[in-house]
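Next come the chains, spelled out residue by residue.
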Amino acid sequence: MPSGWGLSWGGWLDNRRGEWWLLAQLLLITAHLLPAAPPVTAWGLTAWPAPLQLTGVLILLTALLLAARSLLSLGASLSPLPAPRDDNQLIRNGAYSHCRHPLYQAVLMASLGVVIATGSLLHLSLLLALAAVLRGKARREEQGLAERHPDYPSYMASTPAIVPRLPGLDWRH
């Protein structure tokens, strides 16, 4: 199963390029398809408030736009794995001028949108787990980027990691 992204059957078995981080991320994203739990009736409501539903949907749509912008900025350097591609270029423009990991930011923002739209404690726990996984994945990714790009440490020092000024999701030096 070789690909330009570096995916291989062996990698899925031994995590050589961070495949297990990707697997955890995909499982948590897919789990967002589960219904809200507990149901809103447990809160004594017949329905989740429409303004919260609308706000959540708007956040989710904004996250999708951020993800599209990030994908366009990244171009050929895109990889779902935390190990950089062999032909990786350090992208510092577009969405990457504001955040080192805007795709991860977009995923967390989409998850937050689901939480707000549904009022689900299950989805809140998925958001928190996803934040932990994406933090770990980003830290591994940055090790490889720092090895490939001598100017990466200065980029790290000046640009927020995932969410500016949020402890655990911004580790500027």
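Per chain, residues are indexed from 1 in the order of the written sequence. At least 70 in pLDDT is required for a residue's local features to be given in this predicted model, at least 80 for side-chain atom pairs to be given and counted, and no such filter applies to totals for whole chains, interfaces and linings, which use all residues. Each side-chain value is derived from all of the structure's non-hydrogen atoms; neither hydrogens nor water enter the calculation.

Draft legend 1. Quick peek at the overall build of the chain. Strands are runs of DSSP state E lasting at least two residues, helices are runs of H or I lasting at least four, and both sets are numbered from the N terminus onward. A tally of regular secondary structure across the chain gives six helices and zero strands. Along its sequence from the N terminus, the chain presents helices and strands in the succession α-α-α-α-α-α. Atoms considered for the radius of gyration are the C-alpha atoms alone. The globule rule reads 2.2 Å times the number of residues to the power 0.38. For 173 residues, the compact-globule estimate of 2.2 N^0.38 gives 16 Å, and the chain sits close to it at 17 Å. A principal-axis box enclosing the C-alpha atoms of the chain has dimensions of 55 × 35 × 25 Å.

Draft legend 2. How the structure looks around the side chain of Gln25. Inspection of the secondary structure assignment puts Gln25 in helix 2 (residues 19–31). Residues count as neighbours in contact if any of their non-hydrogen atoms are within 4.5 Å of one another. If sequence neighbours within four positions are ignored, Gln25 has contacts with Leu130, Val133, Leu134 and Lys137.

Draft legend 3. Region of the structure containing the packing of aromatic side chains. Only centres within 6.5 Å qualify two rings of Phe, Tyr or Trp (six-membered ring in Trp) as a pair; their planes then separate them into stacked at under 30 degrees, edge-to-face at over 60, and tilted for everything else. All told, the structure shown has one aromatic pair when counted by the stated rule. On the numbers, 5.6 Å between centres and 70 degrees between planes, the contact of Tyr152 with Tyr155 is edge-to-face. Of this pair, Tyr152 and Tyr155 both sit in helix 6 (residues 152–158), three residues apart, which is roughly one turn of the helix. An identical accessibility class is assigned to Tyr152 and Tyr155; each is buried. Relative accessibility thresholds used throughout: buried, under 20% of the residue-type maximum; exposed, over 50%; partly exposed, between the two (1.4 Å probe, protein chains only).

Draft legend 4. Seen up close, the environment of Asn88. Within the secondary structure, Asn88 is located in the loop between helix 3 (50–74) and helix 4 (102–118). Contact partners of Asn88, with chain neighbours within four places excluded, come to Ser77, Leu145 and His149. The term polar contact refers here to a pair of N or O atoms within 3.5 Å; inside protein, the definition further demands a hydrogen-donor-capable atom paired with an acceptor-capable atom, and it admits residues adjacent in sequence only when both atoms are side-chain atoms. A distance of 2.5 Å separates polar atoms of two side chains, one belonging to Asn88 and the other to His149.

Draft legend 5. Here's a closer look at helix 5 (residues 121–148). In this analysis, the expected span of each helix is defined as 1.5 Å times one less than the number of residues it contains. Between the first and last C-alpha of helix 5 there are 41 Å, a value that for 28 residues agrees with the 40 Å anticipated at 1.5 Å per step. Looking at where helix 5 begins, the residue whose side-chain oxygen comes 3.3 Å from the main-chain nitrogen of Leu122 is Ser120.

Draft legend 6. Inspection of unusual backbone geometry at higher detail. Cis geometry is adopted by the peptide bond preceding Pro38, which originates at Ala37 and carries an omega value of -5 degrees. For Pro38, the location among the structural elements is in the loop between helix 2 and helix 3. Even without being glycine, Asn15 reaches a positive phi, approximately 65 degrees. Following the sequence through the fold, Asn15 ends up in the loop between helix 1 (9–14) and helix 2.

Draft legend 7. Broad picture of the environment of Ala50. In this structure, Ala50 sits in helix 3. With a relative accessible area of 53%, Ala50 lands in the exposed category.

Draft legend 8. Region of the structure containing the nonpolar core. In these notes, a set of buried Ala, Val, Leu, Ile, Met, Phe, Trp, Tyr and Cys residues joined through side-chain atoms within 4.5 Å is what counts as a nonpolar core. Within the largest apolar cluster, 25 residues are counted, with the highest numbers of intra-cluster contacts made by Tyr96, Leu108, Tyr152, Ile162 and Trp171. The dominant element in this core, judged by the number of residues it contributes, is helix 5, at eight residues. Leaving out residues up to four positions away in the same chain, Leu108 has contacts with Leu127, Leu130, Ala131, Leu134, Ile162 and Leu169.

Draft legend 9. Representation of the side chain of Asp170. Among the structural elements, Asp170 can be located in the segment after helix 6. For Asp170, a relative accessible area of 16% corresponds to the buried category. A polar contact of 2.7 Å, which involves the side chain of Asp170, links it to the side chain of Arg172. Excluding its chain neighbours within four sequence positions, the residues that come into contact with Asp170 are Pro160, Ala161, Val163, Pro164 and Arg165.

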